[in-house]
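# Tertiary structure, described
Chain by chain, the residues:
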Amino acid sequence: MTATLEVAPPTDGLYAARVSWAARLLGTPWTLAGLLVAVGTAIRIPQLFHSLNGSHAFRQTQTALVARNYAERGIDLLHTPLSVFGKGSDVPMEFPLVQAVAAVLVKLGLSADVAMRLVGLASFQVAALLLFALALRWHGRRVAVIAIVLLQFVPYTMLWGAASLIEFPAVALALAMVLFVDHWFAGGRWWWLAAGAVSGWLAFLVKVTTTPAFVLLLGVSGLAVIVQRGLRQSWRRVVVGGAVAVVPGLAMVAAWTRYADHVKAGNPLTVFLVSSELGDWNFGTVGQRLDITSYATIWARITDEIAGPYALTLFAGLAFAALGPALVDRVRGLGWAGAMVVAPFLFFNLYVHHSYYLCAIVPAVVMLAALGIDGLVGLARDRSRRVVLAGAVLLFVLVNSAISPLGRNDIKEWHEDARAPGAVHVISTYTEPGAKLILIGCDWDPVLPYLTHRDAVMFRGKDGRAYWDQAGDATEYGWLYACKDDADPKPYLPPGATATPSGQKALWRVSHAG
């Protein structure tokens, strides 16, 4: 007698339904985007607990210092408490909305470092999802997936995606403006325009230097709608949408700049920061624009840290965009190339000196690269080969970027925490908590005041007398630290004060007469 094993058939209907539902879920572009964002977030979580003494520590600590002061002293968006120019120093730069949001997190128990990095990371991922939505709308699923992979994992965003900066909050707001107003251009209801306009106004206020690329993209969006629907049917929506999103934002920036200049002009130590004094610093000089090495500096960051070797992906993207089958595709594709160029062209010196300014154009760079990769992938005959080819090209770009000189530094800093300067240990150990410092020879770098949690007055030149003549109680400043070994404390001391060595290198005890 032969025994037989009977296997009961599965409950076919329920089983098939579950498999089909799971396949549909995993096959949707938004599910894939969510998974990529989740992975990108998870690998950046350890970075939230890193010190702010890394790349461009000056700017990262400047941003976090305002957030911490807001948390400790109260939030007032009309004042920017940057405590490096003396007691109660108010130094409005951009509208401090991002710092105020981080201050709420500080009040809830987070450190200012973590709070600012968390706001930066959340904004970066919101920007990623908005870029994905815009790419789906303009270019389709494959381009959108390629773009979000690049945005999540290129070395540049591995470094800056969770930084203590206002860059990606501004990028997210500007992308929201473009996406929402694009819906309005195409016939959407009034709330698309309202949401896009508010996003645009806030983007201008949070960081006006971020907006040129996205204003150009807004124009590209309107032009594409006109190409698709005709001028007669679309021009009113395009004009109204563009005007409502942009003009009030520019007016708000002009009003804020005038107010901020008035405040900074009231302190002799911050007069150099009024907008009329920063023309060359913001826009660059003619000589600088004629210097090829300045362009090479910006180009190296784009190729090493974002686009990959020799910018092959960008050249491919430019070619496929220019040769697109439909005029609307060519308009949108070339629009990303224009967006990549316009902001560095306007604010040339800022892009030469500050690598983090590329945050404003990184969406345009990855989109143009994605168009190039998509065009190459589209040359394959069948779908499976296209998937393999896309994966291979993405791997090539990411690996080569990660091993490039600049990319290696980005990955190293993403992985490793930066050590604090030795001066932080000296000041924190040998001055009492809450002590107020006179800092000389340090320019006006907020790193030491922030990392030591001390208020300071920082002198850039021998301008101490002008400040002390109008300062309040100078006797509160009991310590002086010199960042340069040969710095002489005397020109920077309040009237009647003397400085004696403390026994620690560069640290002086300040005594006041009477």
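Anything mentioned here points back to the structure above.
What comes next is a walk through the structure. (Residues numbered from 1 in each chain as written. Predicted model: local features only at pLDDT ≥ 70, side-chain atom pairs only at ≥ 80, totals over all residues. Heavy atoms only, no water.)

Positive phi values are uncommon outside glycine, yet tyrosine 310 reaches one of about 55°. In this fold, tyrosine 310 is placed in the loop between α14 (292-307) and α15 (312-322). Phi is positive for alanine 311, which is not a glycine, with a value near 55°. With respect to the element layout, alanine 311 can be found in the loop between α14 and α15. (Helix = DSSP H or I, 4+ residues; strand = E, 2+ residues; numbered from the N terminus.)

Moving on to the pairing of strand β3 (residues 477-482). The buried fraction of β3 amounts to six of the six residues, a majority that puts the element mostly inside the structure. Here five bridges tie strand β1 (residues 436-440) to β3, and the two strands are oriented parallel to one another. Residue leucine 439 lies in a different strand from β3, and its bridge partner there is tyrosine 481. Strand direction decides the pairing type here: β3 and strand β5 (residues 507-512), joined by three bridges, are antiparallel. Bridge assignment links tryptophan 479 to a residue of β5, and that residue is arginine 509. (Buried < 20%, exposed > 50% of the residue type's maximum accessible area, 1.4 Å probe, protein only. Pairing = 2+ DSSP bridges.)

What follows is about the packing of aromatic side chains. Counted under the stated rule, the structure contains 22 aromatic pairs. On the numbers, 6.3 Å between centres and 55° between planes, the contact of tryptophan 299 with phenylalanine 315 is tilted. Linking tryptophan 299 in helix α14 with phenylalanine 315 in helix α15, this pair joins segments that are 16 residues apart in sequence. In this structure tryptophan 299 comes out as partly exposed when scored by relative accessible area, which is 36%. When the ring of phenylalanine 459 is compared with that of tyrosine 492, the centres are 5.7 Å apart and the planes differ by 35°; the resulting orientation is tilted. (Phe/Tyr/Trp six-rings, centres within 6.5 Å; stacked < 30°, edge-to-face > 60°.)

We now examine the sheet that holds β1. Here we have five strands laid out as an open sheet, ordered β2-β1-β3-β5-β4, and mixed in their pairing. The outermost strands of the open sheet, each flanked by one partner alone, are β2 (456-459) and β4 (497-501). Pairwise comparison of adjacent strand axes, ignoring direction, gives a mean angle of 25° for this sheet. Of the strands in this sheet, β1, β3 and β5 are in contact with helix α21 (residues 422-430), which crosses β3 at around 160°. (Axes fitted to C-alpha atoms, helices over the stretch in contact; angles between N-to-C directions. Contact = heavy atoms within 4.5 Å.)

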